[in-house]
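Coordinate inspection notes
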Amino acid sequence: MKAEQDGFLIGYLDAANNDDRSQLAVFVNTDADLLTNTPARAMTSIHYYTGNDTWVPKNSVMVPVQKGEFYICKIQHTSGKANNSLYFIPLVPA
C-alpha cells in the first residue's frame, strides 16, 4: 500500500493455540518495485509452547512511514497459525 500521509504502521501477533509460532516482517520503500527486495524495517514474532515453558503469546511491531512510501507486511507461520492485525495510524497536525 502507499501511505497517503505520515504515520505509524502497527502489526500485532496473538497466539490462538498452544504451539503457535509465527513471525511478522514489515517492509517500507519509496519504490514499490523494490519493496520486497529491501531488508525488513522491523520484525516481531511469537512462540507459545507450554510444554517447553516458552510463553511469548503476544507481540507487536511499530514503524514510522512517511507520506508517499510504500509498505507491506509478510507473515510466516512456522507452527499453527497465530492471529494477526495490521493498523495504520496517521499523524494529525497539532
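**Concerning the pattern of salt bridges**
In total, this model carries three salt bridges according to the counting rule given. Between lysine 58 and aspartate 14 there is a salt bridge, and its shortest N-O distance comes to 2.9 Å. In this pair, lysine 58 sits in strand β5 (residues 58-65) while aspartate 14 sits in strand β1 (residues 7-14), placing the two residues 44 residues apart along the sequence. The class of lysine 58 is partly exposed, set by a relative accessible area of 47%. The class of aspartate 14 is buried, set by a relative accessible area of 18%. Between arginine 21 and aspartate 19 there is a salt bridge, and its shortest N-O distance comes to 2.8 Å.

**Some thoughts on the sheet that holds β1**
A sheet is described by the order of its strands in space; here three strands give the open sequence β5-β1-β7, paired in antiparallel fashion. What marks the edges here is a single partner per strand, and that holds for β5 and β7 (83-90). Averaged over all adjacent pairs, the angle separating strand axes in this sheet is 15°, with direction ignored. Across eight bridges, the pairing between β1 and β5 is antiparallel. Bridge pairing links isoleucine 10 to methionine 62 in β5.

**Things to note about the confidence of the model for the protein chain**
The predicted model of the protein chain averages 93 in pLDDT, with 100% of residues at 70 or higher. Across the protein chain, the element-wise mean pLDDT spans from 87 in strand β4 (residues 54-56) up to 97 in β1.

**Thoughts on the sheet that holds β4**
Taken in spatial order, the four strands of this open sheet run β4-β3-β2-β6, and their pairing is antiparallel. The open sheet has two free edges, formed respectively by β4 and β6 (70-79), since each of these has just one partner strand. Neighbour-to-neighbour, the strand axes of this sheet turn through a mean angle of 20°, independent of strand direction. Bridge analysis of strand β3 (residues 42-49) against β4 gives three bridges, and the strand direction is antiparallel. When the bridges of β4 are listed, tyrosine 48 appears paired with tryptophan 55.

**Brief notes about unusual backbone geometry**
Leaving glycine aside, a negative phi is the common case for residues, and trans is the common case for peptide bonds. Phi is positive for aspartate 19, which is not a glycine, with a value near 80°. Tracing the sequence through the fold places aspartate 19 in the loop between β1 and β2 (20-29). The phi dihedral of aspartate 53 falls on the positive side, at around 55°, and the residue is not glycine. Considering the arrangement of structural elements, one finds aspartate 53 in the loop between β3 and β4.

Reading the values: rules and limits
Residues numbered from 1 in each chain as written. Predicted model: local features only at pLDDT ≥ 70, side-chain atom pairs only at ≥ 80, totals over all residues. Heavy atoms only, no water. Salt bridge = Lys/Arg side-chain N within 4 Å of Asp/Glu carboxyl O. Helix = DSSP H or I, 4+ residues; strand = E, 2+ residues; numbered from the N terminus. Buried < 20%, exposed > 50% of the residue type's maximum accessible area, 1.4 Å probe, protein only. Pairing = 2+ DSSP bridges. Axes fitted to C-alpha atoms, helices over the stretch in contact; angles between N-to-C directions. pLDDT = per-residue confidence, 0-100.

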